Amino acid sequence: MAQDTDVIVQPGSVQSDPSVHIEVSKNGPYIVRGAPALHVQVIVANEAGNSWAYQQGQEFAVKDGTALCRCGHSKKKPYCDGSHLRAGVDLTETATFQPMLEGAEEIDGPNYSLTDNEAYCAFARFCDNGNRIWNEVQMPGEQHEKLAAYMAHQCPSGRLLIWDRATRMPVEAPLPVSLSLLEDPAESVSGPLVLRGGIRVQSASGASYEIRNRQTLCRCGASSNKPFCDGSHASIGFRDGL
Ligand code: FES
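This one's a predicted model, so the numbers in the text were calculated from it and none came from an experiment. (Residues numbered from 1 in each chain as written. Predicted model: local features only at pLDDT ≥ 70, side-chain atom pairs only at ≥ 80, totals over all residues. Heavy atoms only, no water.)

(A) Representation of the overall build of the chain in the model. If you tally the helices and strands in the chain, you get four helices and 13 strands. Radius of gyration (C-alpha) of the chain: 17 Å, near the 18 Å computed for a compact globule of 242 residues. Across its three principal axes, the chain shows a C-alpha extent of roughly 55 × 45 × 30 Å. Going through the 242 residues of the chain one by one, you find that 52% of them count as buried. For the chain, the computed accessible surface area is about 10,700 Å², with 49% contributed by carbon and sulfur atoms. When the 21 positive and 28 negative side-chain charges of the chain are each reduced to one mean point, those points stand 8 Å apart. (Helix = DSSP H or I, 4+ residues; strand = E, 2+ residues; numbered from the N terminus. Rg over C-alpha atoms; globule rule 2.2 N^0.38 Å. Buried < 20%, exposed > 50% of the residue type's maximum accessible area, 1.4 Å probe, protein only. Areas by Shrake-Rupley, 256 points an atom, 1.4 Å probe, with all protein chains shown as cover. Lys, Arg positive; Asp, Glu negative; His and termini not counted. Charge placed at Lys NZ, Arg CZ, Asp CG, Glu CD.)

The structure is reproduced here in structure tokens:
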């Protein structure tokens, strides 16, 4: 498979087939390139009511060039219907092109370490589901290490990464390519567009953001870290009506 050579790829991530990528249009929608599958994905709670798993829902048709809403105002979500032209939402990209790890805090445990860049938090809460990943990673024992790795892997945005301290590589495998429309029934809100599998995101400027295994793109229009989600959809009560 051909790989782009001028892009930054996060350690442990693998770029998808370059024909599959997302173009962020200036003050407009996301343009999907290639034809990756797009499904609704619902956060499922455990018995204690905390984020634990995902359930796949309805599929939406995508072809090369499909435009997906990122202002939050389309009447045809997840697709763009041109509402951004009238909504008056500032969709200017504000995220850095630097690798996510440059702004991350690191917490070391006996065998694993955790990197955490809060700017990318999508408020999915797999990290604080009765146990807290920041504590689990520091506790000795395979049970705690496995739980910490699971919690990080469920984090849709990639904010959280668990690393093997011996190999200095993430404790997760590259994911298959997929696009998901996140739904969060516990908070009665809709969330970001989730990109899995090393999908390149191209800014309206033409530059590419770091390629990562897990990424979340804002579709409510309120993030302060556009094009990435920063959890603002929860505070504004974004609902996509899907
Ligand atoms: S979808 Fe999360 S901040 Fe917009």
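That shown, we press on.
(B) Spatial organisation of the packing of aromatic side chains. A complete count under the given rule lists six aromatic pairs for this structure. When the centroid spacing of 4.9 Å and the interplanar angle of 40° are considered together, the rings of Tyr-54 and Phe-126 count as tilted. Residue Tyr-54 is located in strand S4 (residues 51–60), and its partner Phe-126 is located in the loop between strand S7 (112–116) and helix H2 (133–136); the two are separated by 72 residues in the primary sequence. Cluster of aromatic residues (ring-pair linked, three or more members): Phe-97, Tyr-120, Tyr-209 and Phe-228. Across the ring face of Phe-123, the terminal group of Arg-125 is positioned such that the distance to the ring centre comes to 4.9 Å. Positioned over the ring face of Tyr-54 is Arg-196, at 5.0 Å from the centre of the ring. (Phe/Tyr/Trp six-rings, centres within 6.5 Å; stacked < 30°, edge-to-face > 60°. Lys NZ or Arg CZ within 6 Å of the ring centre and 35° of its normal.)

(C) Up close: the sheet that holds strand S1 (residues 21–24). Read from one edge of the open sheet, four strands run S5-S2-S1-S12, paired in mixed fashion. Sheet topology places strand S5 (67–68) and strand S12 (200–202) at the edges, where each strand pairs with a single neighbour. Relative to S12, S1 is paired through three bridges, and the arrangement is parallel. Paired with His-21 across the strands is Arg-200, a residue of S12. (Pairing = 2+ DSSP bridges.)

(D) Examining the domain arrangement of the chain more closely. The domain boundaries assigned to the chain delineate domain 1 (21–95 + 178–236) and domain 2 (105–170). Carbon and sulfur atoms make up 50% of the surface buried where domain 1 meets domain 2, a total of about 1,800 Å² over both sides. Contact with domain 2 buries surface across domain 1, with Ser-51, Trp-52 and Arg-214 losing the most and accounting together for 38% of the total. In this structure, the connection of domain 1 to domain 2 is made through one salt bridge. Two residues, Arg-125 and Asp-184, come together in a salt bridge whose shortest N-O distance is 2.7 Å. The interface formed by domain 1 and domain 2 includes 14 residue pairs in polar contact (both at pLDDT 80 or more). At the level of secondary structure, the elements contributing two or more residues to the side of domain 1 that touches domain 2 comprise S4, strand S10 (178–184), strand S11 (189–196), strand S13 (214–217) and helix H4 (232–236). For the side of domain 1 that touches domain 2, the leading source of residues is S4, giving four residues. (Domains from an automatic or database assignment. Buried area = accessible area lost by both parts, 1.4 Å probe. Salt bridge = Lys/Arg side-chain N within 4 Å of Asp/Glu carboxyl O. Polar contact = N/O pair within 3.5 Å; in protein donor to acceptor, adjacent residues only side chain to side chain.)

(E) A look at the side chain of Gln-215. For Gln-215, the position within the fold is in strand S13. You can call Gln-215 buried: its relative accessible area is 0%. Looking at Gln-215, its side chain comes within polar contact range of the main-chain oxygen of Ile-199, at 2.8 Å.

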